[in-house]
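A closer look at the structure
Below, each chain spelled out in residue letters.
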Amino acid sequence: MEAFLPIFCYTCNKNLGCAVITFGDLSWQQLKSEALESSVVTMGKWTRLSLLSLGASYDRCVPIYHSVARGRTVPLLKTLVSSYCVNSCAYCAFRCGRRVPRERFEPEELADVAMMLWRRGIIEGVFLSSSVDGDPEGATMVELHAAELLRRRGYTGYLHLRLMPGCSREAVRRAAELGDRIGLNVENPNDSCLAEIRPDVDGRIDVWRRLRWCSEEAERGNLVRAGLDTQFVVGASDETDRQILEATYGLYRELGLRRVYFSGFRPISGTPLEDRPPCPSYREHRLYQASFLLRDYGFGPEDLEPALDDDGYLRDIDPKIALALSHPELYPVDLNEATFEELLLVPGIGPKKARAILTARERRPFESLSDVRRRAGVSIRRSSPFVKIGDGQQESLHKFERKVEMSQWT
Ligand code: SF4
């Protein structure tokens, strides 16, 4: 069932009008009558959740955010515990002193709402974050208290906890015991850029050191089964993609993060950056593509140089294609001969496809590209300019490069 509630965008806090809220099999009438009978859910709580929900900038369903994990949609209750903040991040709607409707939840209330939604199967997970309401340790502890209440009441679903920069080691340890995924936002890889846009936070001490603690606690207790994560806000200052990718590499390799998110900057009225242009939408997309090359393909930041322009920003082309075009001597790759590592160099072939190709050719060699599709069960249409079967023909790289120039294949 669906219902309509007024929602506010997390980023710009504009009233977006009415949006659809999904309630699984529960009708809105049922939900309201249950609320009246049991006082578990009230309209006031829903309104507060809609004000606090981080999902609003990505999804029309508030407060339920539909996250995608391993190709499956997972409904999450994704919310701030409080939007009152003492910090002055230049890009943020909730920065101290900005006039904006604010809300906060008591941990008990939040646990009530989350348990009700989870027991009914409306959500499968909870993602809690917060503004710095008072001080970082206090704000983190309120969030952890809500998480503790949930676990104590029998909640066994997915729990994602975003910690505050500057919180204590004890808070990190407790979060690792409670959360399936934990993390802090790095926001910017460059110290001087960070000081400009996030003056209250020391990136190295308040964030990177805490992320290292997260990593140590997770490893020590074999905890945090869904791993650590972080986020960069992209384009709020003059950091380059080269700097972001170097930092991302360190986060994956040294701290063992499972996921790095990139959130493109959008200007918000009433903030110091209200006149700064927004991050181009392709930039986020190319950063994700490049970061997967660092995480899953064994590439290092230096391998990504051909994908960057002279100023250190990713060009609007799939980074793997940019790398392939800069090394024509490596192609075409013979699908009957190539090793796993060589297959991974082919645009359009990832670890899953490479494994399927290796398994399928064990019995007998491929005879044609359509034979690959039939027997390995993978489409290699996008890869055709970069592969061959024996001496078989392939699309010429020269012709392919012309298509890329004409933006037909990026
Ligand atoms: S700490 Fe910064 S980014 Fe977070 S809510 Fe406060 S002002 Fe916004």
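As shown above, the structure is provided for reference.
Structural notes, computed from the coordinates. Everything quoted here is computed from the prediction, not taken from an experiment.

Some remarks on the overall build of the protein
In terms of helices and strands, the protein carries 14 helices and eleven strands. Long-range pairs, those at least 24 residues apart, make up 64% of the contacts in the protein with a sequence separation of at least 6.

Details of the environment of Ala114
Along the chain, Ala114 turns up in helix α3 (residues 107-119). Residues Ala114 and Val126 lie twelve residues apart in sequence; the distance between their C-alpha atoms is 7.2 Å.

Observations concerning the nonpolar core
Formed by 104 residues in total, the largest nonpolar core has its most connected members in Ala114, Val126, Leu163, Ala175 and Val333. Element by element, the count of residues in this core is highest for helix α4 (residues 136-152), at seven residues. In contact with Val126, not counting residues within four places along its chain, are Leu76, Leu77, Ala114, Leu150, Gly157 and Leu159.

Some details on the site of the ligand
Near the ligand the following residues occur: Cys85, Asn87, Cys89, Cys92, Phe94, Arg95, Ser131 and Val132. A class-by-class count of the residues in the shell around the ligand yields five nonpolar, two polar and one charged.

With respect to the environment of Arg181
Relative to the elements of secondary structure, Arg181 occurs in strand β7 (residues 181-183). Judged by the 21 C-beta atoms lying within 10 Å of it, Arg181 is buried. Expressed as a C-alpha distance, the spacing of Arg181 and Asp229, which sit 48 residues apart in the sequence, is 7.3 Å. Among all residues touching Arg181, those that are not within four sequence positions of it are His160, Val224, Ala226, Gly227 and Asp229.

Observations concerning the sheet that holds strand β5 (residues 125-129)
One open sheet holds the seven strands; their spatial order is β3-β4-β5-β6-β7-β8-β9, and the pairing between them is mixed. Each end of this open sheet is capped by a strand with a single partner; those strands are β3 (64-69) and β9 (259-264). With strand direction ignored, the average angle separating the axes of adjacent strands in the sheet is 25°. Where β5 meets strand β6 (residues 158-162), four bridges bridge the pair, whose relative direction is parallel. Note on β6: the bridge partner recorded for Gly125 is Tyr158. Sheet strands touched by helix α7 (residues 203-220): β7 and β8 (228-234). Its angle to β8, the strand with the most contacts, is close to 160°.

Some thoughts on α7
Helix length check: α7 (18 residues) gives 24 Å between terminal C-alpha atoms against 26 Å at 1.5 Å per residue, within 8%. Those residues of α7 not exposed but buried are Gly203, Val207, Trp208, Arg210, Leu211, Trp213, Cys214, Ser215, Glu217 and Ala218. Among the structural elements, α5 (169-178), β7, α6 (191-197) and β8 are those in contact with the buried residues of α7. Once α7 finishes, Asn222 follows within two positions and takes phi at roughly 50°, a positive value.

Rules of the game
- Residues numbered from 1 in each chain as written.
- Predicted model: local features only at pLDDT ≥ 70, side-chain atom pairs only at ≥ 80, totals over all residues.
- Helix = DSSP H or I, 4+ residues; strand = E, 2+ residues; numbered from the N terminus.
- Contact = placed C-beta atoms within 7 Å.
- Core = buried A, V, L, I, M, F, W, Y, C linked by C-beta atoms within 7 Å.
- Buried ≥ 20, exposed ≤ 12 C-beta atoms within 10 Å, placed from the backbone.
- Near = placed C-beta within 6 Å.
- Nonpolar A, V, L, I, M, F, W, Y, C, P; charged D, E, K, R; others polar.
- Pairing = 2+ DSSP bridges.
- Axes fitted to C-alpha atoms, helices over the stretch in contact; angles between N-to-C directions.
- Expected span 1.5 Å × (residues − 1).

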